[in-house]
Each structure stands twice: as C-alpha cells, then as structure tokens.
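# Tertiary structure, described
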Amino acid sequence: MAKERAPAEQELPALPMKVFVSAAPFFAGLFYEPYCALASLCLIGWLVYCCKRRGAFRLRPGPELLATAAVALFYAASALWAVDRGMAPVGFIKFLPLPLFVLSCGFLSSEQRRGLLEPLPYCAALMVVLSLLLGAIPALRDYFYVNRRLAGFFQYPNTFALYALLGIPVLVSQEKWGAPELVCLIVLLAGIVLSGSRTVTVLLAFVVILYAFLLKGKRRIVLGAGLVLMLTAAAVFARLTGDVSSAGRYLTTSAGSSTLLGRLLYFRDALPVIVRHPFGLGYLGYWYTQGSFQTGVYSVMHIHNDLLQFLLDVGWVPAGLLVWIVLRGFRRGDLTRRVMIGVMTAHLLLDFDMQFAAMDILLLAAIDQRPGRRTVRLSGAALLAAGGVLAAACLYFGAASALYYTGNTAACAAVCPGYTPAQTELLTEADSVEVMGDIAEEILSHNDSVAIAWNARARIAYSEGDMGRMIECKKRAISLDKYTLEEYLDYADYLSVGLRMYTEAGDTASASVCRGELRAIPAMLDAVRDGTSALGWRITDQPSLELPASYSWLLELP
C-alpha cells in the first residue's frame, strides 16, 4: 500500500479543485470543445501552481492516469488513421481535461480527494432551481428545456437527470441530516421527474430499494416516500393533462419502445465496425460513416452507449483501460462510491454521458485514485514546455471551436481548415461552382466520408459534362447516405440528362452507360430495403424508398 504524503506535502489547498469539480457541470457539462479547452487551461494553471509550491514535479502515476492519458493520446494519434483526420486534434482537446484532472488530484491527499464530491448534491439542487427559474424566461426556455423536458445546464435531459441522481448517494451518506438535506433531496427528486428520463427513473428506484435495506433510521423512509410522492404527482399530472412528454414520460416505458429498439439497432450496426477497426474511427468518425453500414433509418452523432463510443472512436486499448479502472474503482470504493459508479456505468451503457467531460470528471472523482509504485520526476523547464504546448493547443483549437459555435463559420474554417463541420456549412452556402469545388476538395482531403462533399464533386462533374466522374462521385455519395431517396432521384436526373445528351450526339456507348445506370437505380433501392434489419423495421422511422410516380419511367426503360 502506498504511503500517505508527509504533512508538509498536504499544504496545497483543495478548494480550487473542489470549485472546479462543482462548476464544470454548469458549463454545458463540458460537452462543447471550447469549454473543455477552458477547463484544461484552468487545470494546467493549477498544476503549474502546485509544482511551484512543491518546487518540483514528483508524481506516482496510477492506472487512472494511464487510462485517461491513453484516451486523450489515441484521439490525437488517430490523425494518422481517423475517418476525419482534421478533427482528431479537436477530439484530443475535448478529452484532455481527463488526464489533467487525474494529474491534479495527485497533488491532493486521499482525504482531500474524497472531499471533492461533498458539494455535489447541493450543486445539483442549485442547477435544478436555476434551470426552473431561468427556463421560465421565454428567451431562455429552449436552452433549459428539450421537448418540454427539463434539461438543466447540460441541455440534455437524460444526463441532467443522472447528475441529479448522483447527488442522492452523497446526500444520504452525510452524518448530519436535517431540514436543508431534506429540502435538497426533494429538489433532486423533482429535477429527475421533470427531466422525464425513464432510465434514470428506473435507476432511482433501484437506488431507493438498495438503501431501504442498507440505511438506518428515517432517511430510508424519507427517500422512499419522496420518490413515491414525486412519481405519483407526475402520474396525476399526466392523467389530467394527457401530457406524457415530460414529467409523466416514465409511464410510457416498455421493452418494445422505439427508443430502446433504436439503441439496440445502433449497437447491432456498430459491432462489426468495432471488430474491423481495433484502433477506432477517430473523433466523429462514427457520425460520418454510419450511413455506410446502418441497417435502419437513423442519424445520430453518438451511439448512446459510451463503451461502444470509445471503442468506435479510439479502439480497444483505451476502452479496455477505462473498463479496468471503473471495475477497479467499484471494487475498492465504499458504499457511496459504489452506488455512484454503478449508476453511472449502468446509464452510460444506454446513453452518451461520457461525452460530457464534466461527467467523466465526476466518475474519476468517485474512483479511489491511489498512487502507483514508481515516482516520475520532471524538471521545471520540461514541465513548463509541456504546459506551454498543451495551453497553445487549447487556445488554438478552443478558439476555432468557439468561432464555430458562435456562428462565425467562415472565421473558424480560416483559422482551422480541418474543422469539418464549419467547412460543411460553408459548402451548403457556396454561391458558385468554383467556391463549391474548392471547399469540397478541402473537406475530402482530410475526410472522404462526407456525402455532401461527394455530391458537390458530382455536381461539378455534371456541369462540366463529365458523366463518368459524376457517376463515380454520386455513387460514393449514395453509399454514405443510402436511406435518403432524394439522393437516388438526383442521380436519376443527372443520368437522364446525360442519356439525352449522348443520344443526340450519337455517342451510343456513353448513352448505353447512362441507360444501364438508370436501370440499376430501382435495384439499388431494393437492395437497401432488403438489407434493412428486423430492428430497422420495428422503429418509428421507416425506410421511404418508393419511387414517386413521376419517376416510374425508371421501371420501364428498355
């Protein structure tokens, strides 16, 4: 067992780290890259301060640092093989706060690390109250509500509900229990119910049942009664108003719901991809390639299972290390931490909570981080150099992302040409074929899985009369967006013009090629329908690939 630090090494204050852990969820849960860059800069500053106080950088890295560093470094290294090589550094910035947080915790004593979670229930309750108050302002309502469901500062109801749920184990484990704790519990329960998160409601019920057996005194009665009253109130509200889209949404839970079946469909489609790509697809790689392997109608940026998401993004090694530290933390933790880790693990298997870096930080704070056996020493110059490089990367990519999210798309693309979402928006706004071509080539130079860029290439080839190149590019676009009927109709329009043009010119060979491609379109649609999985036919969104009457001539071509 590692020895505790000497008293002289415990002089560093824990308050800055406690404030960081408490404040992070209020910055959109650190979902957006600019906030992650800002969080990393804060942690870098804290690390520099700690090293100055200690006079040197001495650390005994444990498994948590190994796992989190592997995640961040694999996002950066994926620039060599990722689907979107331009966005790989942005993925690195998004998950950089994780290893920096573990490094920062290394300067705290074990008692200080345990205290990082103490403000959690009160911060979660504060978020519930602020969300209700600010959400009552019409101009801010869409920020705090999603489809009439309370979403908090996370802007996502399910993760917001999980955040509120995590405060309950910390709250009921406190030695003192009085009116403030009771009010806090009621507010947390109200936040969960108003979020309409069915999965969190089920997890909350399990937590209540667990504590009914493990807690002593009035706390278990209060917790159970509070849950029953909140759910009863939500049920009465749903019954009287007929609205089951928010507080009464848990009443619609069923094993056959499209929400659950949709998630199972995502998982089914992604597993073969994970097997074929042991190093992952890189940041946003799943988003850009799902159209090529999906067997149902959906379009999701995240797969709604964070274990699979990390496997898709950075591959087997970092994902395996993350599983290791979570299981290790669960085994070594006390009751409160085991409940927190168990709840988070169960929920992340059905959602994308870990895409919010603040939730990753809470998970790491719940894990008992123990130092490793070997001591690492770095000189002050080496530390400043590393910190300077990381800070510069945070400023550069954080600024580019901030420009994108604030609507300055052109400036973002100018600052960071590899920022694919910005380039894609510019492509849709292009006012000339020349500009369209330049942007499309820029996108495809670092990401050849963007359907709209291939469509732009096809359009340019069509305008130049190069039907062979148009066919090649349009087929590539269709392969990346095979459930969109408009892609096939657009292709048919191009080919029909080519067929007429070549026929009039007497070029029978080229006309025959266009006619053959036109004949193949109905077969392409049939192949997509035949390839739709059983789950794909059971979800709400169904394939719509029937040719309109105005295109029935495709079926009658000689």
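All values derive from a computational prediction rather than experimental measurement. The residue count restarts for each chain, going from 1 along the sequence in the order it is written. Totals for whole chains, interfaces and linings use all residues, but because this is a predicted model, local features are given only for residues with pLDDT of at least 70 and pairs of side-chain atoms are given and counted only at 80 or more. Water and hydrogen atoms play no part in the side-chain values, which are based on all heavy atoms of the structure.

By definition, any uninterrupted DSSP run of H or I lasting at least four residues is a helix, any uninterrupted run of E lasting at least two residues is a strand, and each is numbered from the N terminus. Looking only at helices and strands, the chain features 26 helices and four strands. The C-alpha radius of gyration computed for the chain amounts to 27 Å, which stays within 12% of the reference 24 Å derived for 558 residues, consistent with globular compactness. In terms of its C-alpha atoms, the chain occupies a principal-axis envelope of roughly 90 × 65 × 45 Å. Categorising residues by exposure relies on relative accessible area from a 1.4 Å probe, with only protein chains included: less than 20% of the type maximum marks a residue as buried, more than 50% marks it as exposed, and the intermediate range marks it as partly exposed. The 558 residues of the chain split such that 54% are buried. Taking all contacts inside the chain whose residues are at least 6 apart in sequence as the whole, residues at least 24 apart take part in 72%. The accessible surface values rely on the Shrake-Rupley method and a 1.4 Å probe; as for residues, cover is taken only from the protein chains in view. Surface accessibility of the chain: about 24400 Å² in total, with carbon and sulfur atoms responsible for 63%. Positive charge is attributed to Lys and Arg, negative charge to Asp and Glu, and no charge count is given to His or to the chain ends. Positions of charges follow a simple convention, taking NZ of Lys, CZ of Arg, CG of Asp or CD of Glu. The centroid of the 47 positive side-chain charges in the chain is displaced by 16 Å from the centroid of its 44 negative side-chain charges. With C-alpha atoms as the basis for the radius of gyration, the globule rule is written as 2.2 Å multiplied by the number of residues raised to the power 0.38. In this description, contact between two residues means that some pair of their heavy atoms is separated by no more than 4.5 Å.

What follows concerns the packing of helix 21 (residues 420-429) against helix 22 (residues 433-446). Each axis is a line fitted through C-alpha atoms, taken for helices only over the stretch in contact, and angles between the N-to-C directions span 0 to 180 degrees. Interaxial distance between helix 21 and helix 22 falls to 9 Å at its minimum, and their mutual angle equals 155°. Looking at the two axes, helix 21 sits roughly antiparallel to helix 22. The two elements helix 21 and helix 22 meet at a crossing, and its hand is left-handed. For the pair helix 21 and helix 22, the contacting residues are T420, Q423, T424, L426 and L427 in the first and M436, I439, A440, E442, I443 and H446 in the second. Any angle between 65 and 115 degrees counts as roughly perpendicular, while under 35 counts as roughly parallel, over 145 as roughly antiparallel, and the rest as oblique. It is the rotation of the near helix from the far one that decides the hand of a crossing: anticlockwise by less than a right angle makes it left-handed, clockwise makes it right-handed.

Relative to the elements of secondary structure, E487 occurs in helix 25 (residues 485-505). It is 38 Å that separates the C-alpha atoms of E487 and F160, two residues lying 327 residues apart in sequence.

A large share of helix 5 (residues 97-105) lies buried, amounting to nine of its nine residues. Here helix 5 has its buried residues at P97, L98, P99, L100, F101, V102, L103, S104 and C105.

So, about the nonpolar core. Only buried residues count toward a nonpolar core. Its members are Ala, Val, Leu, Ile, Met, Phe, Trp, Tyr and Cys residues joined through side-chain atoms within 4.5 Å. Counting residues in hydrophobic clusters, the biggest one holds 183 residues, and the most contacted among them are F101, Y163, I168 and M359. Take this core: its biggest share by element is eleven residues, from helix 9 (residues 157-172). Look past the residues within four positions of F101 in its chain and what remains in contact with it is M17, F20, V21, L43, L116, I361, L364, A365 and Q369.

The phi dihedral of N147 is positive, around 55°, even though this residue is not glycine. In this structure, N147 sits in the loop between strand 2 (145-146) and strand 3 (149-150). You can call N147 exposed: its relative accessible area is 64%. Even without a glycine there, the phi angle at Q155 is positive, about 60°. On the accessibility criterion, Q155 (25% relative accessible area) is partly exposed.

Following both chains from N to C, one finds helix 3 (residues 63-77) and helix 16 (residues 316-332) inclined at 155°, their axes separated by 9 Å at the closest point. Considered as vectors, helix 3 and helix 16 are oriented roughly antiparallel to each other. For the pair helix 3 and helix 16, the crossing hand works out as left-handed. The residues of helix 16 that touch helix 3, namely those facing P63, E64, L66, A67, A70, V71 and F74, are V317, P318, L321, L322, W324, I325 and R328. For the contact of helix 3 with helix 16, the class distribution of residues is twelve nonpolar, no polar and two charged. Charged means Asp, Glu, Lys or Arg here, nonpolar means Ala, Val, Leu, Ile, Met, Phe, Trp, Tyr, Cys or Pro, and polar covers whatever is left, Gly included.

Right, let's get into the pattern of salt bridges. Opposite charge on two side chains permits pairing when their charged atoms draw close. A side-chain nitrogen of Lys or Arg and a carboxyl oxygen of Asp or Glu constitute a salt bridge if their distance falls within 4 Å. Inspection of the entire model under this criterion finds eleven salt bridges. Note that D351 and R263 form a salt bridge whose closest N and O atoms lie 3.5 Å from each other. In this pair, D351 is assigned in the loop between helix 17 (335-348) and helix 18 (357-366) and R263 in helix 13 (residues 258-276), connecting sequence segments 88 residues apart. Just as D351 is buried, R263 falls in that class too. Salt bridges sharing common partners tie together K474, E487 and D490.

By secondary structure assignment, the location of A212 is in helix 11 (residues 198-214). When the C-alpha atoms of A212 and L59 are compared, they prove to be 42 Å apart, with 153 residues separating the residues in sequence.

All right, on to the confidence of the model for the chain then. Overall, the prediction assigns the chain a mean pLDDT of 89, with 92% of residues at 70 or greater. Below a pLDDT of 50 lies the segment residues 1-8, which in the model reaches 13 contacts outside its immediate sequence neighbourhood of four places, other chains included. By definition, pLDDT measures how confident the predictor is in each residue, and it falls between 0 and 100.

Here the focus is the side chain of S40. Within the fold, S40 resides in helix 2 (residues 33-54). The exposure class assigned to S40 is buried, which follows from its relative accessible area of 0%. Sequence-distant contacts of S40, defined by excluding residues within four places in its chain, comprise I93, L96, P97, L100 and C394.

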